[in-house]
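The residues making up each chain are set out below.
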Amino acid sequence: MKDVLVDLNNISKSFDGHLVLDELNLYVRENEFLTLLGPSGCGKTTTLRILGGFEKPDKGQVIFSGKDITNLPPNKRQLNTVFQKYALFPHMNVAENIAFGLKIKNKPKSYIDDKIKYALKLVNLDGYEKRMPDSLSGGQQQRIAIARAIVNEPKLLLLDEPLGALDLKLRQDMQYELIRLKNELGITFIYVTHDQEEALTMSDTIVVMNQGYIQQIGSPERIYNEPENAFVADFIGDSNIISSTMIEDRLVEILGARFACVDEGFGTNQPVDVVIRPEDVELVSPAEGTIQGRVTHLIFKGVHYEMEVMANGFEWLVHSTRMVTPGTEVGIKVDPFNIQIMKKPESEDEEAVGVNE
Amino acid sequence: MSKKLLSVPYLFWSALFIIVPLLMVFYYGLTDKSGAFTLANIAAIASPEHSKALWAAVRLSLISTVICLLLAYPLAMILCNMKVNHSSFTVVIFILPMWMNFLLRTLAWQSLLEKTGVINSILGALHLPPLQIINTSNAVILGMVYNFLPFMVLPIYNVLVKIDANITNAARDLGANEVQTFFKVILPLSVPGMISGITMVFVPALTTFVISNILGGGKILLIGNVIEQEFTQAYNWNLGSGLSIVLMLFIIFNMVITAVTDKDGEVSIL
């Protein structure tokens with residue numbers, strides 16, 4: 001296991017009496033691509049600003065490379081930030097923007113020139129030295145912002161929704177670009193986004209946050225396939241979340257029908273939440289299905305069809321490459337491996353309780 | 001068509017009260033009393049008495065502009081860093097004197113500064129030596145700064161408030177301390193605001209005759225006073241117009257210089 005680079009200990013922060021982060025604990029390993037994912041107001045940006053030194057936590061410590069940097073100003077931290085909307089200096093050309101941090105550190109001119117060349121090559125913008133930021137497209141500005149940060153050779157790069165302002169196609173290209181950059185540079189990335197697809201594509205580790213609490217930490221596969229609670233399941237992709245009863249180990253009663261599953265240890269006759277991804281719902285003939293229903297809606301989505309099936313009083317969301325016309329009677333079958341059982345939260349509050357690793 | 005019609009009242013107004021008077025100034029300035037063409041009124045600026053008044057005006061308005069800049073910049077920064085509801089209150093407090101008549105404000109300063117005025121009465125009661133600045137250049141500078149300071153603060157405030165917080169954050173993030181961030185990022189980005197502030201203070205200060213009349217007690221003769229006296233006392237409209245043309249060209253020349261210096265060309269000529 002690699003060394004821990006950043007350790008956030010019991011970080012709390014409130015603004016005007018409103019608690020944004022509550023006793024947050026999180027560590028980041030060296031060379032990890034970690035994504036803070038959550039809806040707006042979940043505390044992800046505040047966490048990043050605390051790391052960058054732009055906010056001071058009310059409580060708790062930020063440990064960086066073994067040192068407490070909680071009270072260090074941003075200019076004394078060995079990390080750099082790529083801001084939302086780029087934040088390039090509008091009165092400087094591209095080369096001056098990139099050279100900013102190096103000039104502050106009084107690096108020799110030849111070193112700075114080499115670094116500018118190297119960084120522009122790295123972000124595929126050779127020859128753009130003399131351009132002014134306002135003459136560049138959004139994607140180009142974002143690359144310059146990244147170049148400006150990485151020439152300082154930070155141990156850690158913080159990225160605050162850097163692709164948020166770009167259009168879909170460009171965003172996808174930049175995702176691959178960022179992964180390539182991270183691999184070439186071998187530095188740690190902490191990435192903030194509300195876009196679950198972006199998080200799933202790029203991250204080694206995803207931290208799902210809501211209302212100032214960490215909901216789940218895990219690899220993209222784990223977060224997607226084994227969400228720990230209904231919030232994570234709902235936030236990461238579409239899903240059918242159904243209130244059910246765990247009859248015994250490996251048997252769950254969903255909407256009155258009994259489904260085989262693979263989960264154990266929830267006790268007998270316990271109320272649980274079941275998550276079934278729409279692509280895991282198989283539509284078969286009524287006789288073959290575990291429960292029966294009728295297709296009510298059909299939408300073509302490109303890669304697949306999205307259908308809604310009314311069965312036993314629940315509207316099932318189904319993704320399939322096979323089209324079934326609305327009105328058709330169908331049976332629903334789910335592979336035991338694709339049924340994810342979650343403990344029911346006992347109250348609304350508990351849903352938001354931190355579940356750190 | 002309808003949009004063009006909307007501008008008719010203003011076109012009428014500007015023709016009547018801007019273009020016609022301007023043409024009249026040029027006509028009087030370039031003719032003598034008999035109506036014959038002459039450059040003598042323009043050349044009159046070279047006479048020692050007139051050029052002395054012009055340079056006195058330049059000197060005092062430059063000093064006032066610099067003082068305004070030094071006072072206004074920190075003030076504008078403080079306003080920017082305030083929470084929204086506080087800042088609008090402070091801006092109102094600041095602008096409040098501007099709602100009162102310019103003449104009244106200047107007359108108020110006169111009675112404050114007079115030899116037997118309010119300030120000296122207080123100083124006398126405290127057995128302190130009296131303040132003797134009325135009827136000096138310093139009193140005129142004080143009047144100019146007092147009257148024109150808001151015109152410096154507002155344009156600077158307007159550019160500062162538009163600087164994205166993340167741009168200064170980015171400078172800090174890249175290793176700049178607060179002083180470096182100010183000189184490398186904030187100050188260069190606020191140049192357009194400073195330039196419009198300088199124009200808005202320097203030009204009215206340069207042409208004023210009211211402040212120098214009231215606070216200079218007739219002892220401080222600025223180019224504005226000379227022109228005013230040519231019109232109101234000597235009844236030499238030709239000489240007054242000639243000197244006005246010189247002053248106008250001087251201002252235009254200065255504004256062109258500032259506009260060229262300002263790369264962005266975002267200079268607001270007001």
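Cut-offs and rules
- Along each chain, residue indices are assigned from 1 in the same order as the chain's sequence is written.
- Labels follow written order: the first chain is A, the first ligand is 1, and so on.
- Residues qualify for local features only when their pLDDT is at least 70, as the model is predicted, and side-chain atom pairs are given and counted only at 80 or more; totals for whole chains, interfaces and linings, by contrast, use all residues.
- In computing side-chain properties, one takes all heavy atoms of the structure into account and sets aside hydrogens as well as water.
- Only DSSP runs of H or I covering at least 4 residues are called helices, and only runs of E covering at least 2 are called strands; the numbering of each starts at the N terminus.
- The buried label goes to any residue with under 20% of its type's maximum accessible area, the exposed label to any with over 50%, and the partly exposed label to all in between, with areas taken from a 1.4 Å probe on protein chains only.
- Residue contacts are counted whenever heavy atoms from the two residues lie within 4.5 Å of one another.
- Using a 1.4 Å probe, the Shrake-Rupley method yields the accessible areas, and only the shown protein chains count as cover for residues.
- Note on patches: the residues involved have over 30% relative accessible area and no salt bridge, like charges join within 9 Å, and the nonpolar side chains Val, Leu, Ile, Met, Phe, Trp and Tyr join within 5 Å.
- Salt bridges, as used here, are contacts in which a Lys or Arg side-chain nitrogen is within 4 Å of a carboxyl oxygen on Asp or Glu.
- A 1.4 Å probe defines the accessible area here, and the buried area is the portion of it lost by two parts on being joined, summed over both.
- Contacts described as polar in this section are N or O atom pairs within 3.5 Å, which, within protein, must combine one atom able to donate a hydrogen with one able to accept it, while residues neighboring in sequence count only if both atoms come from side chains.
- Residue classes follow a fixed rule: Ala, Val, Leu, Ile, Met, Phe, Trp, Tyr, Cys and Pro count as nonpolar, while Asp, Glu, Lys and Arg count as charged, and any other residue, Gly among them, counts as polar.
- For the purposes of this description, domain bounds are those given by an automatic or database domain assignment.
- A strand pair is defined by DSSP finding two or more bridges across the two strands.
- Axis lines are fitted through C-alpha atoms, for helices just across the contact stretch, and the angle between N-to-C directions can take any value from 0 to 180 degrees.

Peer 1: Looking at this structure, how should I read the overall build of chain A?
Peer 2: Assigned secondary structure in chain A consists of 8 helices and 20 strands. Across its three principal directions, the C-alpha atoms of chain A cover 75 × 45 × 40 Å. Split into buried and exposed, the 357 residues of chain A put 50% on the buried side. When contacts within chain A are restricted to residue pairs at least 6 apart in sequence, long-range pairs at least 24 apart make up 66% of them. Carbon and sulfur atoms form 48% of the exposed surface of chain A, whose accessible area is close to 16,400 Å².

Peer 1: Can you help me understand the environment of B:Ile18 in this one?
Peer 2: Mapped onto the elements of the fold, B:Ile18 is located in helix H2 (residues 8–29). For B:Ile18, the residues in contact, after removing those within four places along its chain, are B:Tyr10 and B:Trp13.

Peer 1: Would you take a moment to explain a nonpolar patch on the surface for this structure?
Peer 2: Taken together, the side chains of B:Tyr10, B:Leu11, B:Phe12, B:Trp13, B:Leu16, B:Phe17, B:Ile18, B:Ile19 and B:Leu23 make up a nonpolar region of the molecular surface, amounting to roughly 990 Å² of accessible area. As for its position among the elements, B:Phe12 is in helix H2.

Peer 1: I would appreciate a short explanation of the pattern of salt bridges in the present structure.
Peer 2: Close approach of charged atoms allows side chains of opposite charge to pair. Residue and element names in this part refer to chain A. Tallied over the full model, the rule gives 22 salt bridges over all chains. Asp58 is the salt-bridge partner of Lys13, the closest N and O atoms lying 3.8 Å from each other. With Lys13 in strand E1 (residues 4–15) and Asp58 in the loop between helix H1 (44–52) and strand E4 (59–64), the pair connects residues that are 45 residues apart, well separated along the chain. Under the relative-accessibility criterion, Asp58 is labelled partly exposed at 46%.

Peer 1: When you look at the interface of chain A and chain B in this model, what are you seeing that I'm missing?
Peer 2: Reports of interface size often rely on the accessible area that becomes lost once the parts have come together. Counting residues at the interface gives 23 residues for chain A and 16 residues for chain B. Area buried by chain A at its contact with chain B is led by A:Asn75, A:His91 and A:Ile104, which between them contribute 32% of it. Counting across the chain A and chain B interface gives 0 salt bridges. Linking chain A with chain B are 4 residue pairs in polar contact (both at pLDDT 80 or more), by the criterion used here. At the level of elements, strand E6 (79–82), helix H2 (94–104) and helix H4 (138–150) of chain A are the ones that each hand at least two residues to the side of chain A that touches chain B. Here the side of chain A that touches chain B is composed, by residue class, of 13 nonpolar, 7 polar and 3 charged.

Peer 1: Can you help me understand the domain arrangement of chain A in this one?
Peer 2: On domain assignment, one finds that chain A holds domain 1 (4–225) and domain 2 (239–345). For domain 1 of chain A and domain 2 of chain A, the distance between their C-alpha centroids amounts to 39 Å.

Peer 1: So what exactly am I meant to see when it comes to the environment of A:Cys42 here?
Peer 2: Residues and elements named next belong to chain A. Within the secondary structure, Cys42 sits in the loop between strand E3 (33–37) and H1. The class for Cys42 is buried, based on a relative accessible area of 1%. Measuring from C-alpha to C-alpha, the distance between Cys42 and His194 comes to 9.6 Å, with 152 residues separating the pair along the chain. Once residues within four sequence positions are removed from consideration, Cys42 is found in contact with Val20, Met209, Asn210, Gln211 and Gly212.

Peer 1: Just checking my understanding: could you explain the pairing of strand E13 (residues 257–260) of chain A for this structure?
Peer 2: Two faces belong to every sheet, and in a regular strand the side chains alternate between them. All names here are of chain A. Only one face of E13 is buried, namely the one carrying Ala257 and Phe259, since none of Arg258 and Ala260 on the opposite face is buried. Two elements, strand E12 (residues 251–254) and E13, share 4 bridges in a ladder whose sense is antiparallel. Residue pairing across strands places Val252 opposite Phe259, the latter belonging to E13.

Peer 1: Whenever I open this one, the pairing of strand E14 (residues 270–276) of chain A confuses me. Can you help?
Peer 2: Residue and element names in this part refer to chain A. With 5 of its 7 residues buried, E14 lies for the most part within the structure. Summarising the sheet, strand E11 (residues 240–248) and E14 pair through 7 bridges and their orientation is antiparallel. Following the sheet pairing, Met246 is matched in E14 by Gln270. Sheet topology note: the E14/strand E20 (residues 340–343) ladder contains 4 bridges and is antiparallel. Paired with Val275 across the bridge in E20 is Gln340.

Peer 1: Got a minute to help me understand unusual backbone geometry in this structure?
Peer 2: Across residues other than glycine, the phi torsion is negative in most instances, and most of the peptide bonds are trans. All names here are of chain A. The backbone of Asn31 shows a phi angle near 70°, a positive value even though the residue is not glycine. With respect to the secondary-structure elements, Asn31 resides in the loop between strand E2 (18–29) and E3. In this structure, Tyr86 is a non-glycine residue whose phi angle is positive, near 65°.

Peer 1: Looking at this structure, I do not really get the sheet that holds strand E16 (residues 291–300) of chain A. What am I missing?
Peer 2: Either a parallel or an antiparallel arrangement is found when strands of a sheet pair, and the pairing is made through backbone hydrogen bonds. All names here are of chain A. Pairing is antiparallel across the open sheet formed by 5 strands, whose spatial order is E15-E19-E16-E17-E18. At either end of the open sheet lies a strand with only one pairing partner, and these are strand E15 (281–284) and strand E18 (314–320). Neighbour-to-neighbour, the strand axes of the sheet open up by a mean angle of 45°, direction not taken into account.

Peer 1: Looking at this structure, I do not really get the sheet that holds E20(A). What am I missing?
Peer 2: All names here are of chain A. Read from one edge of the open sheet, 5 strands run E13-E12-E11-E14-E20, paired in antiparallel fashion. Each edge of the sheet is formed by a strand with only one pairing partner; in this case those strands are E13 and E20. Between one strand and the next, the sheet's axes are offset by a mean angle of 45°, whatever the strand orientation.

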